[in-house]
Each structure stands twice: as C-alpha cells, then as structure tokens.
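Now for the letters of each chain:
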Amino acid sequence: MTNNGSSKPLLFLLTGFPGLEHLHPWIAFPISLMYFIAICGNGTILTIIQAESSLHKPMYLFLAMLAVTDLCLVATTLPTMLRLFWFNVRAVSFGACATQMFFIHSLSCMESGILLAMAFDRFVAISNPLRYSLVLTGSRIAKTGLLMLLRGVLFVLPTPLLLRLLRYCRANTLSHSFCMHQDMMKLACSDRRVNVIYGLFAVLCTFGIDSLLVLLSYLVIVKTVLNIASGEERLRALDTCVSHLCAVLIFYIPLIGLTIVHRFGEHASPLVHILMGFTYVLIPPMLNPLVYSIKITQIRQQILKRLQG
C-alpha cells in the first residue's frame, strides 16, 4: 500500500497527548496499571469459572465469553499503546493499522452480541425459570458463542478491504493511540461514500439491533417483575440483573460517546478524542470483572477463598 501512488509505504501516525510528549513515560504508568487490572481481573474470572464445576451454568459461561473477548481486546491495543507512551513510537504501517482496526471492531461487535445473549439469559431466568435449563443448554450456548464470533468477523471483514481501495494524500495522523475505521477513513482524499454507507449498515445491523433487543428484554423483565406479588422477590429478581445492566452501560456509553465525537466533534479539542478513545478500549475490560466480582456472590466468594488460601 502506497501513499498517493508513491513507492513509499503508507504509514499512519498514532496520537498520544499533544503537547505532553515529554510526560508520556509518566502517563504510561496509569495506562499500564489499567491494562494490568483488566488482564488480572478477566483472567481471574476465567480461572474461577473453569475451576469450579458449580459455575458451569449459562450465566457464568456467558460471563466467561465476555472475559475472553475483553482479554483479546486488551491484547489488540496493548502493543501500540505502550510502544507509543513508553518509547514514543508513533508510526504504524497501513497493514498493521488495518489489522488492529479489524480486531478492535470485530471484538466490540462480539462483546455487544454477548451482552445481548446475557440479557436473554436474564429474560429466561426471570420470565420462565422452570424452562431455564431446557432453553439454555450447553450446545445452544456454544452455538451462540460461535454465532457471535462469525457475526463479528463477517460484518467487519469488508472494512479493511474497503480502506485499501481509498487513496491517501493528507498528513496521516490519527486521532487516537490505536486504529479505528472512522479515523482511518477520514484521512482519505478519495470518495469514501461506500465506506460510510457500509459502516453505517454494519453498525445498525449489529450494535443497533443488539441495543434494541437488550432494551426489549428488560421491558419484558420489568413487566414480569411487577407481576410478582412479594416485594422481596421483586428486589431479588431485579438484583440478578444489576451486574449485567452495569456491563451494558459500561460498554454502550463509551461507544455512543466515541461515535458522537467522531461524527460531530471535528472542532472539539484533540484531548476529547483521546480520552473518549481510552474510555472505549480500556474502561469496559477493566470494570467488567470488578462489577461481576462485587455483585455476584459466587464469584466474590471464590475470589476471597483463593486470597485466603
């Protein structure tokens, strides 16, 4: 891939904190700590679910899928992020950037699908508990995970191919410390309408549908809970949804914020783009294990048991 027909390979430049380059090694410490918390937290969740046979249930199996997805997302952004902040290496080739972009978007699509599956899990558990084990069998859970994986790959795969067809002739400086489709696409100086249309189509068919179905699931859940006579049972039923609702908010709020910044924030401070990017790729993997460790008694007990033993 060359820049505007030149024989020189096309490179993109990642952005840290403009004007604070001399502080990048210090900024790297909290970023590295966030990565460490995300890796340890999701690794602990996976280890506990794998080791405890009592946790081999639909709710925890979906949680394990979420943890794997978050670990993969962390591994995708870690190399370029730490290279930039520790060693001030900004340049990344088109191929490496497109590959990273593909994994970030496909993993985000998978995470959205897993959160939808977890919403369905809560819907069945509360609305029809007697059929819970019959509906969410091991084979169906495995097929759901495979379907989310294939969906993420198939919907995102055209984006790096479409980016390769574009011509780049501007200063190829990205808005973030990692590569994203919207960011790379904006740097092209050729017609990018196909990229825009396909990107919108992919977002509506994945994140759009997922968010609507999650909302619909919770509307039915709330309706079912309101029909429960006992106030204590209502609270107990809703309490089982709190951790999942937190995970949904932790995922969708940064996603929506980053989308708004890319769409309407052309004149916003570069710091806004940078902070929203960090929030999008680091906050969900870091906070999800903490939320589930605090709210789910079985997970919390196993963590305390391992710390004491």
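Everything numeric here is computed off the predicted structure, so don't read it as measured data.

Engineer: Explanation requested: the UniProt feature "transmembrane region" (unreviewed entry) in the protein chain in the structure shown.
Structural biologist: Mapped onto this numbering, the UniProt entry gives "transmembrane region" (unreviewed entry) at residues 26-49, 61-82, 102-125, 146-166, 196-221, 242-265 and 271-292. End C-alpha atoms of residues 102-125 are separated by 35 Å, and the span's content is 100% helix alongside 0% strand. Annotated as residues 146-166, this span is 86% helix and 0% strand, and its ends, taken at the C-alpha atoms, are 32 Å apart.

Engineer: Looking at this structure, how should I read empty space enclosed by the protein?
Structural biologist: In this approach, a probe sized like a water molecule rolls over the atoms, and the result shows the empty space that is left. Here the structure, examined in full by the defined rule, presents three cavities of 30 Å³ or more. Considered as a void within the structure, the largest cavity measures approximately 50 Å³ in volume. Lining the largest cavity we find M59, F62, M118, D121, R122, T240, S243, H244 and Y292. Elements represented by at least two residues in the lining of the largest cavity include exactly α2 (58-87), α3 (94-127) and α9 (231-264). Partitioned by chemical class, the residues of the lining of the largest cavity number four nonpolar, three polar and two charged. Roughly 40 Å³ of volume is contained in the second largest cavity. Around the second largest cavity, the lining residues are L73, S108, E111, F251, Y280 and P284. Counting residues per element, the ones that place at least two in the lining of the second largest cavity are α3 and α10 (270-295). Split into classes, the residues belonging to the lining of the second largest cavity amount to four nonpolar, one polar and one charged.

Engineer: Could you clarify how one ought to interpret the packing of aromatic side chains in this entry?
Structural biologist: Describing an aromatic ring pair means giving the distance of the ring centres and the angle of the ring planes. Applying the stated criterion to the full structure yields 14 aromatic pairs. Taking 6.1 Å as the distance between ring centres and 55 degrees as the angle between the ring planes, the aromatic pair formed by F94 and Y168 counts as tilted. Within this pair, whereas F94 is found in helix α3, its partner Y168 is found in the loop between α6 (158-164) and α7 (181-186), the two being separated by 74 residues in sequence. The residues F94 and Y168 share a single accessibility class, namely buried.

Engineer: Just to check I follow, could you spell out the state of the cysteines for this structure?
Structural biologist: Put plainly, two cysteines are in a disulfide when a covalent bond ties their sulfur atoms together. This model, assessed by the stated rule, comprises one disulfide. Between the sulfur atoms of C97 and its disulfide mate C179 the distance is 1.9 Å. One quick way to see it: the torsion about the S-S bond of C97 and C179 is about -110 degrees, and its sign makes the bridge left-handed. Taken together, the residues C97 in helix α3 and C179 in the loop between α6 and α7 connect sequence positions 82 residues apart. Overall, C97 belongs to the buried group, its relative accessible area being 0%. Judged by relative accessible area, C179 falls into the buried class, the value being 0%. With no disulfide partner, C205 has as its closest neighbouring cysteine sulfur the one in C109, 9.9 Å distant. A relative accessible area of 23% places C205 in the partly exposed class. C241 supplies the cysteine sulfur nearest to C246, a cysteine that is in no disulfide, at a spacing of 11 Å.

Engineer: I tried to follow the packing of α3 against helix α8 (residues 193-226) on my own but got confused; where do I start?
Structural biologist: Their axes nearest at 9 Å, the elements α3 and α8 cross at an angle of 15 degrees. Classified by the angle their axes make, α3 and α8 are roughly parallel. The two elements α3 and α8 meet at a crossing, and its hand is left-handed. Facing S108, C109, S112, G113, L115, L116, A119, R122, F123, I126 and S127 of α3, the residues of α8 in contact are T206, F207, D210, L213, V214, S217, Y218, V220, I221, T224 and V225. A breakdown of the residues in the contact of α3 with α8 according to their chemical character gives 13 nonpolar, seven polar and two charged.

Engineer: Can you help me understand helix α5 (residues 138-156) in this one?
Structural biologist: One turn of an α-helix holds 3.6 residues; hence residues three or four places apart share an orientation. Here α5 spans 28 Å end to end across 19 residues, near enough to the 27 Å set by a 1.5 Å rise per residue. In this structure, the buried residues of α5 make contact with α2, α3, α6 and α8.

Engineer: What exactly am I supposed to notice about the pattern of salt bridges here?
Structural biologist: Evaluated as defined, the whole model comprises three salt bridges. One salt bridge connects R122 with D121, and the closest N-O pair in it is separated by 2.8 Å. This pair shows no difference in class: R122 is buried, exactly as D121 is.

Basis of the calculations
Residues numbered from 1 in each chain as written. Predicted model: local features only at pLDDT ≥ 70, side-chain atom pairs only at ≥ 80, totals over all residues. Heavy atoms only, no water. UniProt positions renumbered as here; feature names shortened; annotations may be inferred. Helix = DSSP H or I, 4+ residues; strand = E, 2+ residues; numbered from the N terminus. 1 Å grid on protein atoms, 1.4 Å probe; cavity = no way out; pocket = protein on both sides within 12 Å on 5 of 7 lines; lining within 4 Å. Points joined across faces, edges and corners; volume = space filled by probe spheres on them. Nonpolar A, V, L, I, M, F, W, Y, C, P; charged D, E, K, R; others polar. Phe/Tyr/Trp six-rings, centres within 6.5 Å; stacked < 30°, edge-to-face > 60°. Buried < 20%, exposed > 50% of the residue type's maximum accessible area, 1.4 Å probe, protein only. Disulfide = S-S within 2.5 Å. Axes fitted to C-alpha atoms, helices over the stretch in contact; angles between N-to-C directions. Parallel < 35°, antiparallel > 145°, perpendicular 65-115°, else oblique. Left-handed = near helix turned anticlockwise from the far one by under 90°. Contact = heavy atoms within 4.5 Å. Expected span 1.5 Å × (residues − 1). Salt bridge = Lys/Arg side-chain N within 4 Å of Asp/Glu carboxyl O.

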